[in-house]
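Below, each chain spelled out in residue letters.
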Amino acid sequence: MKSRVLVVDDDPALAEMLTIVLRGEGFDTAVVGDGTRALPAVRDLRPDVVLLDLMLPGMNGIDVCRAIRSESGVPIVMLTAKTDTVDIVLGLESGADDYVVKPFKPKELIARIRARVRRTDAEPAEQLSIGDVTIDVPAHQVVRDGEPIALTPLEFDLLVALARKPRQVFTREVLLEQVWGYRHAADTRLVNVHVQRLRSKVERDPEHPEVVLTVRGVGYKAGPP
Amino acid sequence: MTRPDDRLWTRLERMPITRRMKRTVAQIRAVAVEVGVLVDAIWRRSLQVRVVVSTLALSAAVVLVLGLVLQTQIAGRILQGKEVDALGQAEAGAAVLERELAGVDPDGEGAQGELNKALDRLTNASLSDDAGSPSAGEFRAVLTTGPREPGRGVDGSGADEVSAGTVADVPADLRGHVAGGSLARRYVTISAQGVEIPTLIIGQPVRTAGRDLEFYLLFPLDAEQRTLSLVQSTLIVGGLVLLLLLAGIASLVTRQVVRPVRQAAEIAERFADGHLDERMPVHGNDEVARLAESYNEMAGSIQAQIRQLEEFGALQRRFTSDVSHELRTPLTTVRMAADVLHASKDQLLPALRRSSELLVTELDRFEALLADLLEISRLDAGVADLTADRVDMHGVVNRAVEAVRGFAEESGTPLRLQLPVGVYAEVDPRRVERILRNLVANAVDHGEGRPVDITLAGDEHAVAVVVRDHGVGLRPGEAALVFNRFWRAEESRARRSGGSGLGLSISIEDARLHGGWLQAWGEPGRGSAFRLTLPRAVGEPLTTSPLPLVPDDRAASEGSAPEPAPASSTSDAAAGSVPTPVHGLAAVRAAAAMQTQDDR
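A brief structural summary. The model shown is predicted, which means the values in this text are computed figures rather than measured ones.

### Section: the overall build of chain A
So, step 1. For chain A, the helix and strand inventory stands at eight helices and twelve strands.
So, step 2. Evaluated residue by residue, chain A yields a buried proportion of 41% over its 225 residues.
So, step 3. Relative to all contacts within chain A whose residues are 6 or more apart in sequence, the contacts with residues 24 or more apart total 55%.

### Concerning the packing of helix α9 (residues 393-410) of chain B against helix α10 (residues 429-446) of chain B
Residue and element names in this part refer to chain B.
So, step 1. Running from N to C, α9 and α10 point in directions that differ by 35°, and their axes come no closer than 8 Å. You can see that α9 and α10 cross each other, and the crossing is right-handed. Contacts from V396, V397, R399, A400, V401, A403, V404, F407 and A408 of α9 reach α10 at P429, V432, E433, L436, R437, V440, A441 and V444.
So, step 2. Of the residues assigned to the contact of α9 with α10, the class counts are 14 nonpolar, no polar and three charged.

### Focus on the packing of helix α3 (residues 47-100) of chain B against helix α6 (residues 222-272) of chain B
All names here are of chain B.
So, step 1. Contact geometry for α3 and α6: axes closest at 8 Å, N-to-C directions at 160°. Accordingly, the angle class assigned to the pair α3 and α6 is roughly antiparallel. Our pair here, α3 against α6, has a crossing hand that is right-handed.
So, step 2. Here the contact of α3 with α6 is composed, by residue class, of 20 nonpolar, ten polar and three charged.

### Topic: the pairing of strand β4 (residues 195-206) of chain B
Residues and elements named next belong to chain B.
So, step 1. Pairing analysis gives nine bridges linking strand β3 (residues 184-192) to β4, with the strands arranged antiparallel. By the bridge assignment for β4, R185 is matched with I202.
So, step 2. Connecting β3 to the next strand, β4, in antiparallel fashion are two residues, including Q193 with a positive phi near 50°.

### Let's talk about the pairing of strand β7 (residues 133-136) of chain A
Residue and element names in this part refer to chain A.
So, step 1. Because side chains alternate across β7, one face comprises the buried residues V133 and I135, and the other comprises T134 and D136, none of which is buried.
So, step 2. Strand direction decides the pairing type here: strand β6 (residues 127-130) and β7, joined by four bridges, are antiparallel. Directly across from S129, in β7, lies its bridge partner T134.
So, step 3. In textbook terms, the turn of a hairpin is the stretch between consecutive antiparallel strands, and for β6 and β7 this stretch comprises two residues, one of which, G131, has a positive phi near 60°.
So, step 4. Sheet analysis places β7 next to strand β8 (residues 141-144), joined by three bridges and oriented antiparallel. In the strand pairing of β8, I135 is matched with V142.

### A look at helix α1 (residues 12-24) of chain A
One turn of the α-helix equals 3.6 residues, which is why residues spaced by three or four share an orientation.
So, step 1. Counted at 1.5 Å a residue, the expected span for α1(A) with its 13 residues is 18 Å, and the 18 Å between its end C-alpha atoms agrees.
So, step 2. Among the residues making up α1(A), those that are buried are L14(A), A15(A), M17(A), L18(A), V21(A) and L22(A). Each buried residue of α1(A) sits inside an arc of 165° when the element is viewed along its axis, so together they form one side.
So, step 3. Buried-residue contacts for α1(A) involve β1 (4-8), β2 (28-32), β3 (49-53) and α5 (106-117) of chain A together with α7 (287-343) of chain B.

### Overview of unusual backbone geometry
Residues and elements named next belong to chain A.
So, step 1. Between K102 and P103 the backbone carries a cis peptide bond, its omega angle lying at -10°.
So, step 2. The residue P103 is located in the loop between β5 (98-101) and α5 in this model.
So, step 3. Phi at R46 is positive, roughly 45°, even though this residue is not glycine.
So, step 4. Structurally, the position occupied by R46 is in the loop between α2 (38-45) and β3.
So, step 5. With 11 C-beta atoms counted inside 10 Å, the residue R46 sits in the exposed group.

The rules behind the values
Residues numbered from 1 in each chain as written. Chains lettered and ligands numbered in written order. Predicted model: local features only at pLDDT ≥ 70, side-chain atom pairs only at ≥ 80, totals over all residues. Helix = DSSP H or I, 4+ residues; strand = E, 2+ residues; numbered from the N terminus. Buried ≥ 20, exposed ≤ 12 C-beta atoms within 10 Å, placed from the backbone. Contact = placed C-beta atoms within 7 Å. Axes fitted to C-alpha atoms, helices over the stretch in contact; angles between N-to-C directions. Left-handed = near helix turned anticlockwise from the far one by under 90°. Nonpolar A, V, L, I, M, F, W, Y, C, P; charged D, E, K, R; others polar. Parallel < 35°, antiparallel > 145°, perpendicular 65-115°, else oblique. Pairing = 2+ DSSP bridges. Expected span 1.5 Å × (residues − 1). Arc of directions from axis to C-beta.

Below, the structure written as structure tokens:
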């Protein structure tokens, strides 16, 4: 089955070019040129990845991102022309999983998209414990005290990566490689922002984390089960 | 000939006391110099002190002169009056005596008794005298016959001389005058029982039956002296009080003038510090108010101008940033299209294939230029920030060199490194690496295949890296231009490696952000050198660099005769301050690193 990519971009030339490249790489694509139509399109088309331009008419890309995230865990990759820390962190905090800075090379974009959709392969039955939460890997379920916790696929991946090697400390660079699929050093802000988001969901008290622990000056590790 | 003296002196010098004394003298001199400097500073700094001190000095001189004149005048008047009275008294006394002694022979027996009697009478007469007769106050009278033989010394023969009263108090020369038959007066100081009493002596000859007698009246002037010293102390006290009052008045008056001036200075200083809203308060209508008004007007117009310039600047920076951002979307499309073409280049005709290759490489350059443009607009806008860490410069330089090594090997340029380990400094490694990548790539680019030397050194306060090539070098004056944006040396207009023309401009801004220097030197035929000097700690001011900018190898240059004074051109860029965050993709950065060198 082909993965479906929803392209949200107001620039018709870029949208068309993206379509050409993505189709060439074996993706199904759909294009909306307006922020307000993005959310209905996500509902109707149930895409595997959303490619979202941050500068959009109608509805700001950040708001679109928040709106999508409020009802769907679909992976979102931002396209941005701005490289300032504030813009990128704002985009990540509003729910984007990853970002690509314009102008990008097609290969790079494809690598980012593939990293987001690759986990659809069948996985062996696996049950993991981290802190006081239990993870059912093939079912994509995280449970605490019998209550399921809703995580986005990326947050789920992050948690599983930590839980699989409970004694190991992961540096941000290693996490970037394992979870985001970057092969060389990239922006560690990605990790910081997503760890915060993950903690806000799985921790009883995000100020005193018990599931995802910070190892000062090194990185993160799983809390003892 | 002065050898013994010298030896003595040397021995003296060796003595501890002499040495201690010398030290003490030196210390005193140092303290005196310090005090002098301090006084000088106060004198220069405070208008008020200057006015008060000058007023004090001038009025002290005036009061002194005035006091002296007054005192002289008063003393003169008092003595004049006394003298007139005394002369009258003497004349009256002489008349009385002449009457009394008309029949007395001074050389006869019993003359002494006669004289005493006459004097007693004279004294009593003046004491009992009533108003009308001249009175010169208290006096003592002296009557003497003088020496028997005229011309003989006065002192010698008390036996021959018959006197009444203390004749010893009368000075000899006065007696000479009187003996000569004339009226004489003299001021003398007579000491009686250890008390010095200024005295006026009037001497007059008195005719008798025999030869003339000398008649003297001694008027003690102690009353007058008391009056005078009273006057004197009154004058001194009055003068001092007057001086103090004058100083106070001067201080008050200058304060009135100086205070608004000081206020104005403070306000102007604050204004200069960037508080553009500072204004002087305007009170009343006087000169100070006028000063305040015109100052405020000036401040207002400066503020307006600055605002306008700031707006222009912000607008321009905004424009640069917006253009860079707006260009990105179409550039992305073009880039993707080019890559799609390039990916299927094997199916294209040779001309089209080459075209697609050119398209892709030029797009890389375009992207690098855009990234540089954005970076410099960020530096200009002051939004770049320094993330400084204490790092070993060895690693930083090494990474920069490794990033360029491939490029250097392509052009067959050997890189000669002198990188000691353990030269720590507080720097932003990303920025410093970028600067050095730029310098090394530049050197390789212009080194014409000759070796490029990269030297690192550090001292207590600073670290320095010098990148030296032995290529075409810089012509006089060009060292100042290399940091200009988009500047290229004439012959390299047709550039080979294709820098954006912004590399060195960004580098110098990065150096400024650290509070460091980036300087260039070059000479035609001898190559060029770029020196980066950074303070060891952020915020420490730079004064010197651990490495020389101008290389010390002029004799070895190309075998040509050593020039007497090479017309080397250097350019200094002192510290300024501007702030930059990391730009996205590592791949683009690496490509940009290779290309952001400036051509010269």
